[in-house]
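Residue-level listing of the chains:
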Amino acid sequence: MTAALDWSTTRVSAGKRVGTVARRSAAPVVVVVLVGLLFLWLSTLHLDSIEQRTLNPEYISARIREHLVLTIVASALVALLAIPAGIAVHRVRSRWFRGVVLGLGNIGQATPAVGVVILLAIVWQTGFVTALVALVAYSFLPVLRNTLIGLEQVSGDAKEAARGMGMTPGQVLRQIELPLASPTILAGLRTSLVFCVGVATVATFINAGGLGDMIVNGLKLQRFPVLLTGAVLVAAIAILIDWLAGLVEDLVRPRGI
């Protein structure tokens with residue numbers, strides 16, 4: 001009987017491991033197949049001079065690099081700004097103040113991405129820095145909101161027990177609240193990353209580069225291969241970044257949560 005139970009438990013554990021591996025490997029496999037099919041299709045086409053100037057390794061690599069730099073830098077700034085802001089707002093016990101902060105964050109996200117980018121370009125300047133500020137403003141709310149929600153969901157009993165052990169408020173925050181709230185906070189960062197990938201495509205309107213250049217050029221010049229290549233590459237980057245963020249989320253998640 002015991003042997004049968006052990007065998008059953010082993011099968012369940014093996015099934016879970018296989019399921020986890022399949023879930024973690026699905027996204028990169030889909031991206032490789034999708035991008036491979038795209039370039040296989042492009043290789044069968046007779047490209048004109050305009051398409052050849054765009055659909056070459058140097059141009060595509062430069063646009064991907066610009067897109068990734070804009071996305072990663074904006075996401076890092078969001079994390080550095082929104083998480084401390086969420087902690088500070090959580091420390092304030094006024095519900096009115098929290099509502100005001102979330103309302104201001106909602107304004108940034110509710111405004112159309114193109115509108116935010118163009119407005120900043122009009123009142124400030126064009127280029128990388130303006131696109132970066134627009135991305136940070138647009139992606140700030142998910143991290144701020146999830147930080148607040150994660151901290152509010154931490155059990156009061158756990159915090160009270162920590163204080164009873166002699167922990168200072170800072171120690172309670174670092175050793176109890178933030179670890180328990182980390183899954184929710186990381187989910188907000190993951191959402192913010194995907195937002196940044198999508199919104200970065202509109203950076204082309206203010207000369208900030210990125211894969212949006214290919215999409216806009218494909219539309220303006222009526223070159224479907226250029227348009228499709230830019231769109232597929234943006235989708236592939238979004239899928240891969242979401243996949244990588246999911247792996248990090250699984251690795252840093254406290255055991256038992």
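Starting afresh in each chain, residues are numbered from 1 along the sequence in its written order. Only residues with pLDDT of 70 or above have their local features reported here, since the model is predicted, and side-chain atom pairs are shown and tallied only from 80 upward, although totals for entire chains, interfaces and linings are computed over all residues. Note that the side-chain values use all heavy atoms of the structure and ignore hydrogens as well as water.

Visitor: What exactly am I supposed to notice about the overall build of the protein chain here?
Guide: The helix count covers DSSP runs of H or I at least four residues long, the strand count covers runs of E at least two residues long, and both are numbered beginning at the N terminus. On a plain count of helices and strands, the protein chain comes out with ten helices and zero strands. Traced from its N-terminal end to its C-terminal end, the protein chain shows the element sequence α-α-α-α-α-α-α-α-α-α. The buried share of the protein chain, taken over its 257 residues, is 41%. Throughout, a residue-residue contact means that at least one pair of heavy atoms, one from each residue, lies within 4.5 Å. Contacts in the protein chain between residues far apart in sequence, at least 24 positions, make up 79% of those at least 6 positions apart. Here the protein chain displays about 14200 Å² of accessible surface, and carbon together with sulfur accounts for 68% of that area. The classification of residues rests on relative accessible area computed with a 1.4 Å probe and restricted to protein chains. Under 20% of the type maximum is buried, over 50% is exposed, and intermediate values are partly exposed. Using the Shrake-Rupley algorithm and a 1.4 Å probe, accessible areas are obtained, with residue cover drawn only from the displayed protein chains.

Visitor: Looking at this model, I keep getting lost on the packing of aromatic side chains. Mind explaining?
Guide: Note on aromatic contacts: the rings of Phe and Tyr and the six-membered ring of Trp form a pair at centre separations within 6.5 Å, being stacked when their planes are under 30 degrees apart, edge-to-face when over 60 apart, and tilted otherwise. Scanning the entire structure with this criterion turns up two aromatic pairs. With a centroid separation of 6.3 Å and 80° between ring planes, the pair formed by W41 and F224 is classed as edge-to-face. With W41 in helix α1 (residues 2–43) and F224 in helix α10 (residues 224–252), this residue pair connects regions lying 183 residues apart in the sequence. Overall, W41 belongs to the partly exposed group, its relative accessible area being 32%.

Visitor: Help me understand the environment of A85, please; the structure alone is not making it clear to me.
Guide: Inspection of the secondary structure puts A85 in helix α3 (residues 57–91). When neighbours within four sequence positions are excluded, A85 is seen to be in contact with F140 and L144.

Visitor: How should the layout of surface pockets be read in this particular structure?
Guide: Once rolled over the atoms, a probe with the size of a water molecule shows which space is left empty. Considered as a void within the structure, the largest pocket measures approximately 180 Å³ in volume. Lining the largest pocket are L186, L189, R190, L193, I241, L244, A245, V248 and E249. Put simply, the parts of the chain that give the lining of the largest pocket at least two residues each are α8 (169–199) and α10. The element that contributes the greatest number of residues to the lining of the largest pocket is α10, accounting for five residues. Polar here means any residue outside two lists: the nonpolar Ala, Val, Leu, Ile, Met, Phe, Trp, Tyr, Cys and Pro, and the charged Asp, Glu, Lys and Arg; Gly therefore counts as polar. Here the lining of the largest pocket is composed, by residue class, of seven nonpolar, no polar and two charged. Here a cavity means grid points, on a 1 Å grid over the protein atoms only, where a 1.4 Å probe fits yet cannot get out; a pocket means an open set of points with protein on both sides within 12 Å along at least five of seven lines; lining residues are those with an atom within 4 Å of a point. Grid points are joined across faces, edges and corners, and a volume is the space filled by probe spheres set on the points.

Visitor: Could you clarify how one ought to interpret the confidence of the model for the protein chain in this entry?
Guide: The predicted structure's coordinates, where accompanied by low pLDDT, should not be read in detail. In the predicted model, the protein chain carries a mean pLDDT of 81, and the fraction of residues at 70 or more is 86%. Ignoring residues within four places in sequence, the model shows residues 12–16, a span with pLDDT below 50, making zero contacts including any to other chains. A residue's pLDDT is the predictor's confidence in that residue, given on a scale from 0 to 100.

Visitor: Looking at this structure, how should I read the pattern of salt bridges?
Guide: Between side chains of opposite charge, a pair can form as their charged atoms come close. The rule for a salt bridge is simple: a side-chain nitrogen of Lys or Arg has to be within 4 Å of a carboxyl oxygen of Asp or Glu. Scanning all chains against the criterion turns up five salt bridges. One salt bridge in this structure joins R223 and D48, with 2.8 Å as the shortest N-O distance. One end of the pair, R223, is in the loop between α9 (212–220) and α10; the other, D48, is in the loop between α1 and α2 (49–54), with 175 residues separating them in the sequence. Ionic pairing is found between R91 and E177, a salt bridge with its closest N-O pair at 3.4 Å. Note that R91 is positioned in helix α3 and E177 in helix α8, a separation of 86 residues in sequence. For R91, a relative accessible area of 36% translates into the label partly exposed. Each member of the salt-bridge network shares a partner with another, and the members are R63, E66 and D213.

Visitor: Sorry, what's going on with the packing of α3 against helix α6 (residues 128–152) here?
Guide: Two quantities define a packed helix pair, namely the angle between the helix axes and the distance between the axes. Helix axes are fitted to C-alpha atoms over the stretch in contact, other axes to C-alpha atoms as well, and angles between N-to-C directions run from 0 to 180 degrees. α6 packs onto α3 with a crossing angle of 40° between their chain directions and a minimal axis gap of 6 Å. Classified by the angle their axes make, α3 and α6 are oblique. In the packing of α3 onto α6, the handedness of the crossing is right-handed. Broken down by class, the residue content of the contact of α3 with α6 amounts to 22 nonpolar, four polar and one charged. Note on terminology: angles under 35 degrees are roughly parallel, angles over 145 are roughly antiparallel, angles of 65 to 115 are roughly perpendicular, and the others are oblique. Crossing handedness is defined as follows: a turn of the near helix away from the far one that is anticlockwise and smaller than a right angle gives a left-handed crossing, while the clockwise case is right-handed.

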